[in-house]
Amino acid sequence: MLSRYKFCSKTLAGKKNVLELGCGEGFGLRLVLQTVERIHGIDFDPLFLDWAENTYNNELLNVTFQNVNIIKETPNNGPFDGMYALDFIEHVDSKCEENVMKNICNVLTSNAICIFGTPNITAHKYASKESLEGHVNLKDASSLKILLSRYFENVIIFSMNDEVVHTGFYPMSNYLFGVGFHPTYKK
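This report concerns the structure included in the present document. (Residues numbered from 1 in each chain as written. Predicted model: local features only at pLDDT ≥ 70, side-chain atom pairs only at ≥ 80, totals over all residues. Heavy atoms only, no water.)

**A look at helix H4 (residues 97-105)**
Line of reasoning, step 1. Regarding H4, the residues found buried are Glu97, Val100, Met101, Asn103, Ile104 and Cys105.
Line of reasoning, step 2. Residues of H4 that are buried make contact with strand E1 (17-21), strand E4 (80-86), strand E5 (108-119), helix H6 (141-149), strand E6 (152-161) and strand E8 (175-183). (Buried < 20%, exposed > 50% of the residue type's maximum accessible area, 1.4 Å probe, protein only. Helix = DSSP H or I, 4+ residues; strand = E, 2+ residues; numbered from the N terminus. Contact = heavy atoms within 4.5 Å.)

Dropping the structure here:
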């Protein structure tokens, strides 16, 4: 799991104001904060956010948190020149994807880099019942690229197996990263 955050840290290195979508308790913030100036973490669950705020504010890290339903509203503290959402999109009903993507794009700078990480649908038959619970919108490399291409000028798909990120044969990958460059949608 940490290698996913390392990928984000390397890819977003040098960014000034980064949004973490679906931050939960802020598990990987410390890794990403090593290469970016500031992170604004958002989540819909106030219990996770309370824990994260208490933990990270005591450490005086350059991070803020906000309770946001990204399907219905945009986050504060933008604009953002980077964004990452790991293990998020598979929990969003496909009917809500457009709202989510528009609300994200509305708070991004024109040169923003956005990373979406998700389990690969081709590996779902090997996942545990508990792991699959709540996964209502799994993607393969093609459907992830199609989604992101509607909102970003350029999109690159990466694969991950056993902590190794690569551009190999997508159907055999356990996890996918879609990286979008230069958002094209603005309200």
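**With respect to the pattern of salt bridges**
Side chains carrying opposite charge are able to pair once their charged atoms draw close together.
Line of reasoning, step 1. According to the stated counting rule, one finds 5 salt bridges in the structure shown.
Line of reasoning, step 2. In this structure, Lys139 and Glu97 form a salt bridge, with 2.4 Å as the shortest nitrogen-oxygen distance. Taken together, the positions of Lys139 in the loop between helix H5 (129-132) and H6 and Glu97 in helix H4 put the pair 42 residues apart, joining distant regions of the chain. Each member of the pair, Lys139 together with Glu97, is buried.
Line of reasoning, step 3. With a closest N to O distance of 2.7 Å, Glu98 and Lys102 form a salt bridge. Note that Glu98 and Lys102 are positioned in helix H4 at a spacing of 4 residues, about one turn of the helix.
Line of reasoning, step 4. Judged by its relative accessible area of 41%, Glu98 is partly exposed. (Salt bridge = Lys/Arg side-chain N within 4 Å of Asp/Glu carboxyl O.)

**Examining the nonpolar core**
Line of reasoning, step 1. Core analysis: the largest hydrophobic core is formed by 29 residues, its most contacted members being Met83, Ile104, Phe116 and Phe152.
Line of reasoning, step 2. Those elements that provide at least two residues to this core are E1, E4, H4, E5, H6 and E6.
Line of reasoning, step 3. Residues within four places of Ile104 in sequence aside, it is in contact with Leu21, Ile70, Met83 and Phe116. (Core = buried A, V, L, I, M, F, W, Y, C linked by side-chain atoms within 4.5 Å.)

**Considering the sheet that holds E1**
Line of reasoning, step 1. Ordered by their spatial adjacency, 8 strands build an open sheet running E3-E2-E1-E4-E5-E8-E6-E7, and the pairing between neighbours is mixed. Each end of this open sheet is capped by a strand with a single partner; those strands are strand E3 (63-67) and strand E7 (164-166). Across the sheet, the mean angle from the axis of one strand to that of its neighbour is 20°, orientation sign disregarded.
Line of reasoning, step 2. Alignment of E4 against E5, held across 6 bridges, turns out to be parallel. (Pairing = 2+ DSSP bridges. Axes fitted to C-alpha atoms, helices over the stretch in contact; angles between N-to-C directions.)

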